[in-house]
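Overview (structure and organization)
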Amino acid sequence: MRILLVEDDPALSLGVARGLEREGWKVDVLHDGEQALGEGALGRHDLAILDLGLPRRDGMEVLRHWRGRGVRMPVLLLTARDELHDRVQGLDAGADDYLVKPFDLPELLARIRALKRRAQGRVDEVIQCGDLRLDLVHRELTHHGQRIALSPRELALTELLMQKAGRVVPKDSIVARMSTWEADFSENSVEVYVHRLRKRFADLGVVIRTVRGFGYLMEPAQGAADGQPAG
């Protein structure tokens, strides 16, 4: 996937670009709206990440220009504006999703994956393991309809384990997915977050098993009766 990132903050754009490239995606970075007007209309990108507070042309003007030219690629808006009318305005102008700064890189990556699935016509917007259901669009984890509040990183790790439910997720894959532009996510950090999730999910019908020397596996609780213990 080729992504167009339009963000005028050099440090943020560099960190986001590195995170996207770790996912295996190609990233083209622009720093002002004037450049973005033409580049986004060339049809060379699968998705755009567009900041609203850009120099020369703001992101809303860029977005309207793209949609007026028939540009159909998914657009995820980044902004410091957290007012409801700003979000509504962006979505009405043709944005596909909206992320307010500051944000965590794992959440951005998850939203991009969801937009990619929607663009490909896939309908797996909800994944399930046991009695846990994760809505990939609204980023909401529920158990029998009751919302479970998790931090962005906890939710990102939960998503990764649920997507591979019944299969081992290597620890180095978790490290790569959970790292941010500020710091790498160490293997010790993985163990800390797995421990937290085990406590949160202890009575919710799923277990996270350790497959020693490899990584972790999530499955419905009844599947943990034999083999590697859930610790």
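Read on for a plain summary of the structure. Quantities reported herein were computed from a predicted structural model and do not represent experimental measurements. Every chain is numbered on its own, with residues counted from 1 as its sequence reads. Under the rules for a predicted model, residues below a pLDDT of 70 receive no local features and side-chain atom pairs below 80 are neither given nor counted, while totals for whole chains, interfaces and linings still include all residues. Based on all heavy atoms of the structure, the side-chain values leave hydrogens and waters out of the count.

Labels follow the DSSP assignment, with helices taken as runs of H or I lasting at least four residues and strands as runs of E lasting at least two, numbered in each case from the N terminus. Mapped onto the fold, K171 is located in helix α7 (residues 171-178). Relative accessibility under 20% of the residue-type maximum defines a buried residue, over 50% an exposed one, and the middle range a partly exposed one, all with a 1.4 Å probe and only protein chains included. On the basis of relative accessibility, which here comes to 16%, the residue K171 falls in the buried class. Between two residues, a contact is recorded if the distance between any of their heavy atoms is within 4.5 Å. The contacts of K171, once residues within four sequence positions are left out, are E187, V190, E191, F214, G215 and Y216.

Our focus in this paragraph is the packing of helix α6 (residues 152-163) against α7. Geometrically, a packed helix pair is captured by the angle between its two axes and the distance between the axes. Convention adopted: a line fitted to C-alpha atoms gives each axis, helices being fitted over their contacting stretch, and angles between N-to-C directions are expressed from 0 to 180 degrees. Where α6 contacts α7, the axes come no closer than 11 Å and their chain directions differ by 140°. It follows from the interaxial angle that α6 and α7 lie oblique. Between α6 and α7 lies a crossing of right-handed hand. Across the interface between the two elements, R153, A156, L157, L160 and Q163 from α6 touch I174, R177 and M178 from α7. Any residue that is not Ala, Val, Leu, Ile, Met, Phe, Trp, Tyr, Cys, Pro, Asp, Glu, Lys or Arg is counted as polar, Gly included; the first ten are nonpolar and the last four charged. The residue inventory of the contact of α6 with α7, partitioned by class, reads 5 nonpolar, 1 polar and 2 charged. Working rule for angles: under 35 degrees goes down as roughly parallel, over 145 as roughly antiparallel, 65 to 115 as roughly perpendicular, anything else as oblique. The hand of a helix crossing depends on one turn: near helix anticlockwise from the far one by less than a right angle means left-handed, and clockwise means right-handed.

A few words on unusual backbone geometry. For the peptide bond that leads from K101 to P102, omega is -5°, which places it in the cis range. Within the secondary structure layout, P102 lies in the loop between β5 (97-100) and α5 (105-119). The residue R56 is not glycine, and still its phi comes out positive at about 70°. With respect to the helices and strands, the residue R56 is situated in the loop between β3 (47-51) and α3 (59-68).

On strand β6 (residues 126-129), burial follows the alternation: I127 and C129 on one face are buried, whereas V126 and Q128 on the facing-out side are not. Relative to strand β7 (residues 132-135), β6 runs antiparallel, the two being bridged by 4 bridges. From the neighbouring strand, Q128 faces β7, where its bridge partner is R133. Between β6 and β7, which follow one another and run antiparallel, lie 2 residues, and G130 among them has a positive phi close to 60°. By definition, two strands form a pair when at least two bridges between them are found by DSSP.

This part covers the sheet that holds strand β2 (residues 26-30). The strand order across the open sheet built from 5 strands is β2-β1-β3-β4-β5, with neighbouring strands paired in parallel fashion. Looking at the sheet topology across the chains shown, the edges are occupied by β2 and β5. The sheet shows a mean angle of 20° between the axes of neighbouring strands, direction not considered.

We now examine the pattern of salt bridges. Take a side-chain nitrogen of Lys or Arg and a carboxyl oxygen of Asp or Glu: if they are within 4 Å of each other, that pair is a salt bridge. By the definition in use, this model includes 17 salt bridges. Across the salt bridge formed by D32 and R56, the nearest N and O atoms sit 3.2 Å from each other. One end of the pair, D32, is in the loop between β2 and α2 (33-39); the other, R56, is in the loop between β3 and α3, with 24 residues separating them in the sequence. The exposure class assigned to R56 is exposed, which follows from its relative accessible area of 59%. With a closest N to O distance of 3.1 Å, K171 and E191 form a salt bridge. Here K171, found in helix α7, pairs with E191, found in helix α8 (residues 187-200); they are 20 residues apart in sequence, far enough to count as distant. Judged by its relative accessible area of 38%, E191 falls in the partly exposed class. In this structure, a network of salt bridges that share partners links the residues E23, R113, R139 and E159.

We now examine the pairing of β2. Each regular strand displays side chains that alternate between the two surfaces of the sheet. Pairing between strand β1 (residues 2-6) and β2: 5 bridges, direction parallel. The partner of I3 across the bridge, within β2, is V27. Place the viewer so that the strands point away; then a crossover is right-handed whenever the path from the first strand over the helix to the second strand goes clockwise. For the crossover that starts at β1, traverses helix α1 (residues 10-22) and ends in the parallel β2, the hand is right-handed.

This part takes up α3. Those residues of α3 lying buried are G59, M60, V62, L63, W66 and R67. Down the axis of α3, the sector holding all buried residues measures 160°, keeping them to one side. Buried residues belonging to α3 abut β1, α2, β3, β4 (75-79) and α4 (84-92). Of the residues trailing α3, G70 is marked for its positive phi of about 85°. Each direction from the helix axis to a C-beta atom contributes to the arc, which is the arc of those directions.

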